[in-house]
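# Secondary and tertiary structure notes
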Amino acid sequence: MILSSVKTNQLVMPDTGADNIHPSKDHAKAVDWVFITDALNFCFWSRSKKEQWVVDGFTGYYALEAALNRAVKNGVDIANPEFYSKITKEQLWDIMKGDNDVSIPLFDERLRVLHEVGAILLEKYHGTFETCVKEANKSAIKLLDIVVNNFPCFRDEAVYKGQAVSFYKRAQILVADLWNFFNGTGWGEFVDIDKMTMFADYRVPQVLVYFGVMSYSDELMKKLQNDVLLESESEEEVEIRGCSIHAVELLKKSIEKKIKEKDLNVDVPNSSLIDYFLWCYRRKHAKEVECIPYHKTLGIYY
């Protein structure tokens, strides 16, 4: 399926109908918009459709984009850390107001994240994430290090059976989103983007299981079907995320093998592109994929 979606040497993403909520890459604060969006990009799941946070008809991450896009249109300087480092509950509540009475999950945590990253940008980086990108000097790995080491809310780490592990989901997707948003040029030019792994969240594992790339034990599947909350950093939660990363790397190798066997003149999609494809596929084919439950964990890392 992924290989058949490679057209003119590029992996074509399933259309999710959300292009109109992205800003122009020529916008003066486009880099800072991507940064603040990914700073808030976590935990959108709900236990039922009645409990879903919805903005302009969009749910999940797209609801966040729609809310921020609406704020920009209303003259809110949402990409400016001078504003969001001191944003009040009332101001954030107005920005995140949904189509119904459901509020964005983990509202207080998002308020804290905005205060944290805004203060750090003002103190260390002249009030703009562009400074971080310049400092990285076109290296995705360097930018990842800058983000993880200087912005605590991006430090996605756990301990598994006494072993320290790191996922850095939001930090990696921040780098990859810049690369993707700017088409690998300008602010999005990274010479080592292929070193990023997939972004271990709760939706991509779901679609990996749907396609049989990954599987759950009967015991774990029963928990997920019964909506049992998995604690952050619990063994099962860490295993799902870790196995997802490994599964995508194996999937990438399988695609590379098929490209060589068929002698195709196409590039092997990197892990970021495979992740985007699977995430967009799940979004477009949500009803079909929902036969597989996704794990539910409360936290700011994904």
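Presented here is a report on the structure given in the accompanying data block. (Residues numbered from 1 in each chain as written. Predicted model: local features only at pLDDT ≥ 70, side-chain atom pairs only at ≥ 80, totals over all residues. Heavy atoms only, no water.)

## So, the side chain of arginine 110
Of note, arginine 110 is situated in helix α5 (residues 107–124). The buried charged residue arginine 110 lacks any salt bridge partner; its closest oppositely charged side chain belongs to glutamate 109, at an N-O distance of 6.8 Å. Of the polar contacts made by the side chain of arginine 110, one reaches the backbone oxygen of proline 105; its length is 2.2 Å. When sequence neighbours within four positions are dropped, the list of residues in contact with arginine 110 reads Leu40, Phe42, Cys43, Phe44, Leu92, Ile104 and Pro105. (Helix = DSSP H or I, 4+ residues; strand = E, 2+ residues; numbered from the N terminus. Buried < 20%, exposed > 50% of the residue type's maximum accessible area, 1.4 Å probe, protein only. Lys, Arg positive; Asp, Glu negative; His and termini not counted. Salt bridge = Lys/Arg side-chain N within 4 Å of Asp/Glu carboxyl O. Polar contact = N/O pair within 3.5 Å; in protein donor to acceptor, adjacent residues only side chain to side chain. Contact = heavy atoms within 4.5 Å.)

## Describing the environment of alanine 140
Considering the arrangement of structural elements, one finds alanine 140 in helix α7 (residues 140–150). Measuring from C-alpha to C-alpha, the distance between alanine 140 and lysine 50 comes to 39 Å, with 90 residues separating the pair along the chain. Leaving out residues up to four positions away in the same chain, alanine 140 has contacts with Val175, Phe190, Asp192, Ile193 and Met196.

## A few points about the pairing of strand β6 (residues 163–166)
Bridge analysis of strand β5 (residues 157–160) against β6 gives 4 bridges, and the strand direction is antiparallel. Within β6, the position partnered with alanine 158 by the bridge is valine 165. As consecutive antiparallel partners, β5 and β6 are separated by 2 residues, and within that stretch lysine 161 has a phi angle of approximately 50°, a positive value. (Pairing = 2+ DSSP bridges.)

## What to know about α7
Ala140, Leu143, Leu144, Ile146, Val147, Val148 and Asn150 are the residues of α7 that are buried. Buried residues along α7 sit against α5, α6 (130–136) and α8 (169–181).

## Re helix α12 (residues 271–284)
The end-to-end C-alpha separation of α12 is 20 Å, in line with the 20 Å expected for 14 residues at 1.5 Å each. With 13 of 14 residues buried, α12 lies mostly within the body of the structure. The backbone nitrogen of serine 272 has a side-chain oxygen 3.1 Å away, supplied by the residue at the start of α12, namely asparagine 270. (Expected span 1.5 Å × (residues − 1).)

## Topic: unusual backbone geometry
Apart from glycine, the bulk of residues carry a negative phi angle, and the bulk of peptide bonds sit in the trans form. Here tyrosine 168, not a glycine, exhibits a phi torsion of approximately 50°, which is positive. Within the secondary structure layout, tyrosine 168 lies in the loop between β6 and α8. Accessibility expressed as a relative area gives 16% for tyrosine 168, which makes it buried.

## Quick word on the nonpolar core
Core analysis: the largest hydrophobic core is formed by 103 residues, its most contacted members being Met96, Val117, Phe129, Leu143, Phe151 and Phe154. Among residues more than four places away in sequence, those in contact with methionine 96 are Leu40, Trp53, Leu64, Ala67, Leu68, Arg70 and Ile104. (Core = buried A, V, L, I, M, F, W, Y, C linked by side-chain atoms within 4.5 Å.)

## Quick word on the pattern of salt bridges
Oppositely charged side chains may form a pair once their charged atoms are brought near each other. Following the criterion strictly, the structure yields 12 salt bridges and no others. Among the salt bridges present, the one from arginine 241 reaches aspartate 156, with a minimum N-O distance of 2.7 Å. With a gap of 85 residues between them, arginine 241 in helix α11 (residues 235–261) and aspartate 156 in the loop between α7 and β5 connect regions that are remote in the sequence. By relative accessible area, which is 3% here, aspartate 156 ends up buried. Here the residues in one salt-bridge network are Arg47, Asp227 and Lys296, joined through shared partners.

## Observations concerning the packing of helix α1 (residues 30–39) against α8
With their axes 10 Å apart at the nearest point, α1 and α8 run at an angle of 150° to one another. By the angle class used here, α1 and α8 are roughly antiparallel. Between α1 and α8 lies a crossing whose hand is right-handed. Residues Ala30, Val31, Val34, Phe35, Asp38 and Ala39 of α1 touch α8, and the partners they reach there are Arg170, Ile173, Leu174, Asp177, Leu178 and Phe181. (Axes fitted to C-alpha atoms, helices over the stretch in contact; angles between N-to-C directions. Parallel < 35°, antiparallel > 145°, perpendicular 65-115°, else oblique. Left-handed = near helix turned anticlockwise from the far one by under 90°.)

## A word on the side chain of aspartate 38
Relative to the helices and strands, aspartate 38 is located in helix α1. Beyond its immediate chain neighbours, meaning those up to four positions away, aspartate 38 contacts Phe154, Arg170, Ile173, Leu174 and Asp177.

## Thoughts on the packing of α7 against α8
The relative placement of two packed helices is expressed as an angle between their axes plus a distance between the axes. Between α7 and α8, whose axes approach to 9 Å, the crossing angle comes to 135°. Comparing their axes, α8 and α7 come out oblique. For the element pair α7 and α8, the recorded crossing hand is right-handed. Contacts between α7 and α8 pair Ala140, Leu143, Leu144, Val147 and Val148 from the former with Ala171, Gln172, Leu174, Val175 and Leu178 from the latter. Residue composition of the contact of α7 with α8, grouped by class: 9 nonpolar, 1 polar and no charged. (Nonpolar A, V, L, I, M, F, W, Y, C, P; charged D, E, K, R; others polar.)

## With respect to the packing of aromatic side chains
Under the defined criterion, the tally for this structure stands at 17 aromatic pairs. With centroids separated by 5.2 Å and ring planes inclined at 70°, the aromatic side chains of tryptophan 93 and phenylalanine 107 adopt a geometry described as edge-to-face. In this pair, tryptophan 93 is assigned in helix α4 (residues 89–95) and phenylalanine 107 in helix α5, connecting sequence segments 14 residues apart. When its relative accessible area of 10% is taken as the criterion, phenylalanine 107 is described as buried. Grouped by ring-pair contacts, the aromatic residues Phe35, Tyr125, Phe129, Phe151 and Phe154 constitute a single cluster. (Phe/Tyr/Trp six-rings, centres within 6.5 Å; stacked < 30°, edge-to-face > 60°.)

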